[in-house]
Amino acid sequence: MTTTDSSSEVEPSSVDLLPFADPTYQADPYPYYAVTRDQGPIYESPLGVHVVTRHADIFKLLRDQRMSSRQLDFGIASVFHDSVLGQDSPDHGRLRKISASWFTPAMVEKWSVTMQGYVDRALDDAADRGSLDITDDLAFPATFGTMADILGVGQHDAELCRQGTLDIGKALRPSAGDDDMRIAEEAFTWYVDYINDLIAFKRAHPGDGLLDAFIEAEAAGSMTTAEVSATVTLFYAVGHLDNSFLIENGVRLLLERPEVARTFVDEREQRYQILAEVLRHDTPEQFVTRYVTEDIDVDGAILPQGAVAVLLIGSGNRDERVFPNPDEFDIARDNVQKMHLAFSGGQHGCAGQVLARAQGDIAIARLLERFPDAHLGGEIEYEHTEFIRGIKHLPVNVR
Ligand code: HEM
């Protein structure tokens, strides 16, 4: 079962193969990725970063200890160095262990019940209205609500948190300009103050959520106060961003392909396969970034010590060497669950992937089961930058 999402032709250019800031590139970067993959294993962008585009190279580099997150300049987001995301071993392992037990398959079964509650409430409202916006009415409230419940906090200022996350994301990209940086800096200041107030409240009103577990870890000496703050900020952001994109991209792809939607509903055992293909085809975060601590040979080319390496997982996921006819959405690929790179890999591989998959399953299956006649109800507004691929508005009619 295969279908292609369009791709325009791109000619190799001596100017810039990956024009990150170009709206045409941001709307459809895949033809540019294909040209860049063909030109060699590493592409030196005029913006000063070394971009790795082929699946096999990215897969290896994600597991290479010479690639550092600690030594990367996070700019305005430097507080994230106090979270797993900005650490190398051994501090990375110490921090990762503290939350790992909260996202095991057994715990995810518990969070799935929470998620179902949010999804069903959103669908009840949709049934009354006859329509919903998948982003505003379903994906965001359900994922944000679930994460707030896991942390053991209320859902205040949800919209500000969402906007703050998107604003920060705009600064974490090669083409970020002065305006992006200013907006992101304001968002970051707001976010960190907000999280610190929340932590102060939880210190005074303890409970049994993940945030309480971080406070206990701090009391036991296994986390610093700065690490608690950075980690909670990180979970606030990642707990709703990419998993919403998975739901939005998945609903779009399936509503456009009724036969795949039927398979998703009727054949439960196919659901993770289909979700993996959604993640491969529309990878929510197009790249991860590392600092190169020594010269590394990448398939005959040198990634030089001191370089900032952009590992373009969105391109690895469209690499024809691993995924034949990569622009086709094809749920029959036998390697996609094992080989897609959307959750990154190695020690920084996504800590929330079991939860994210379960959330994608619940939201999409319950929507399609309850509303077999659901169909696109208007213009889709995308949230694309060179970093993220999601949907801002996805109107759906349910009858
Ligand atoms: C479809 C949904 C998701 C996608 C595509 C995704 C993607 C990613 C990616 C690409 C990274 C790696 C960053 C790197 O290598 O530098 C990552 C890390 C991480 N993700 Fe996710 N994520 C998703 C959902 C979630 C959820 C729901 C949570 C939380 C419950 C979460 C928690 C984390 C954490 C804590 C890290 C940092 C791991 C580390 O540095 O050790 N993610 N995610």
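Scroll up for the structure.
Attention here is on the structure that accompanies the text. What you see is a predicted model; the values in this text were computed from it and never measured. (Residues numbered from 1 in each chain as written. Predicted model: local features only at pLDDT ≥ 70, side-chain atom pairs only at ≥ 80, totals over all residues.)

1. Describing helix H16 (residues 353–370)
Note the threshold: Here a strand is any run of E in DSSP of at least two residues, a helix any run of H or I of at least four, and the numbering for each starts at the N terminus. Here the expected span of a helix is defined as 1.5 Å times the quantity of residues minus one. Burial is judged by counting other C-beta atoms within 10 Å of a residue's own C-beta: 20 or more means buried, 12 or fewer means exposed, and anything between counts as partly exposed, with every C-beta placed from the backbone. Note on contacts: residues are paired as contacts if their backbone-placed C-beta atoms lie within 7 Å.
Taking 1.5 Å of rise per residue, the 18 residues of H16 would be expected to cover 26 Å, and the 26 Å separating its terminal C-alpha atoms lies within 8% of that figure. Along H16, the positions that sit buried rather than exposed are Leu355, Ala356, Arg357, Ala358, Gln359, Gly360, Asp361, Ile362, Ala363, Ile364 and Leu367. Here the buried face of H16 lies against helix H5 (105–129), helix H6 (134–151), helix H11 (241–255), helix H12 (258–266) and helix H13 (271–281).

2. Concerning the sheet that holds strand S5 (residues 131–133)
The condition that has to hold: By definition, two strands form a pair when at least two bridges between them are found by DSSP. Axis lines are fitted through C-alpha atoms, for helices just across the contact stretch, and the angle between N-to-C directions can take any value from 0 to 180 degrees.
Within the open sheet, the three strands sit side by side as S5-S14-S11. Their pairing is antiparallel. Each end of this open sheet is capped by a strand with a single partner; those strands are S5 and strand S11 (375–376). Of the strand pairs in this sheet, S11 and strand S14 (residues 395–397) are connected by two bridges, and their pairing is antiparallel. Bridge assignment links His375 to a residue of S14, and that residue is Asn397. With respect to the sheet, H6 is in contact with S5 and S14, its orientation differing from that of S5 by roughly 65°.

3. Observations regarding the site of the ligand
The line we're drawing: Only the C-beta atom matters for this test: placed from the backbone, it must lie within 6 Å of a molecule or strand for the residue to be near it. Each residue is assigned to one class: nonpolar for Ala, Val, Leu, Ile, Met, Phe, Trp, Tyr, Cys and Pro, charged for Asp, Glu, Lys and Arg, and polar for all the others, Gly among them.
The ligand sits among 23 residues. The nearest are Asp242, Ser344, Cys350, Gly352 and Ala356. Only helix H10 (225–238), H11 and H16 provide two or more residues apiece to the shell around the ligand. Tallied by class, the residues present in the shell around the ligand amount to 15 nonpolar, five polar and three charged.

4. Comments concerning unusual backbone geometry
Cis peptide bonds are those with omega within 30 degrees of zero, and the linkage from Ser89 to Pro90 qualifies with 0°. With a phi close to 50°, Asp299 is a non-glycine residue in the positive phi region. With respect to the helices, strands and loops of the structure, Asp299 is situated in the loop between strand S7 (296–298) and strand S8 (301–303). We classify Asp299 as exposed; it has 12 C-beta atoms within 10 Å.

5. Observations regarding helix H8 (residues 178–204)
Given a rise of 1.5 Å per residue, 27 residues ought to cover 39 Å, and the 39 Å separating the end C-alpha atoms of H8 matches this to within 8%. Looking only at H8, the buried set comprises Ala184, Ala187, Phe188, Tyr191, Ile195, Leu198 and Lys202. As for H8, its buried residues are in contact with helix H7 (158–171), helix H9 (210–219) and H10.

6. Quick word on the packing of H7 against H8
We apply this condition: Roughly parallel here means an angle under 35 degrees, roughly antiparallel means over 145, roughly perpendicular means 65 to 115, and every remaining angle is called oblique. Handedness of each helix crossing follows the sense of rotation of the near helix against the far helix: counterclockwise by less than a right angle gives left-handed, clockwise gives right-handed.
Two elements in contact, H7 and H8, have axes separated by 8 Å at closest approach and are oriented at 135°. Of the possible angle classes, the one that applies to H7 and H8 is oblique. As H7 runs across H8, the sense of the crossing is left-handed. Two secondary-structure elements touch here, H7 through Gly164, Asp167, Ile168, Lys170 and Ala171 and H8 through Asp180, Met181, Ile183, Ala184, Ala187, Phe188, Trp190 and Tyr191. Its residues assigned to classes, the contact of H7 with H8 shows nine nonpolar, one polar and three charged.

7. Considerations on the packing of H11 against H13
For the pair H11 and H13, the least separation of the axes is 10 Å and the interaxial angle reads 105°. Comparing their axes, H13 and H11 come out roughly perpendicular. Every residue of H13 that contacts H11 at Leu246, Asn249, Gly250 and Leu253 is listed here: Leu275, Val278, Leu279 and His281. Taken together, the residues that form the contact of H11 with H13 break down as five nonpolar, three polar and no charged.

8. Examining the environment of Ala77
Within the secondary structure layout, Ala77 lies in the loop between strand S4 (67–68) and helix H4 (91–100). Those residues in contact with Ala77, other than ones at most four positions away along the chain, are Ile168, Ala171, Leu172 and Phe188.

9. Remarks on the environment of Asn196
Within the secondary structure layout, Asn196 lies in helix H8. When the C-alpha atoms of Asn196 and Leu47 are compared, they prove to be 35 Å apart, with 149 residues separating the residues in sequence.

10. A word on the pairing of strand S6 (residues 288–292)
Burial along S6 is one-sided: Val288, Arg290 and Val292 are buried, and none of Thr289 and Tyr291, which face the opposite way, are. In the sheet, S4 pairs with S6 via two bridges, with the strands oriented antiparallel. Looking across to S6, one finds that Ser68 is bridged to Tyr291. With four bridges joining them, S6 and strand S9 (residues 308–311) adopt antiparallel strand pairing. Bridge assignment links Arg290 to a residue of S9, and that residue is Ala309.

11. Points about the sheet that holds S9
In a beta sheet, neighbouring strands pair by backbone hydrogen bonds and run either parallel or antiparallel. Spatial strand order, S2-S3-S9-S6-S4: five strands in an open sheet with mixed pairing. Edge positions in the sheet fall to strand S2 (42–44) and S4, since each of these pairs with one other strand and no more.

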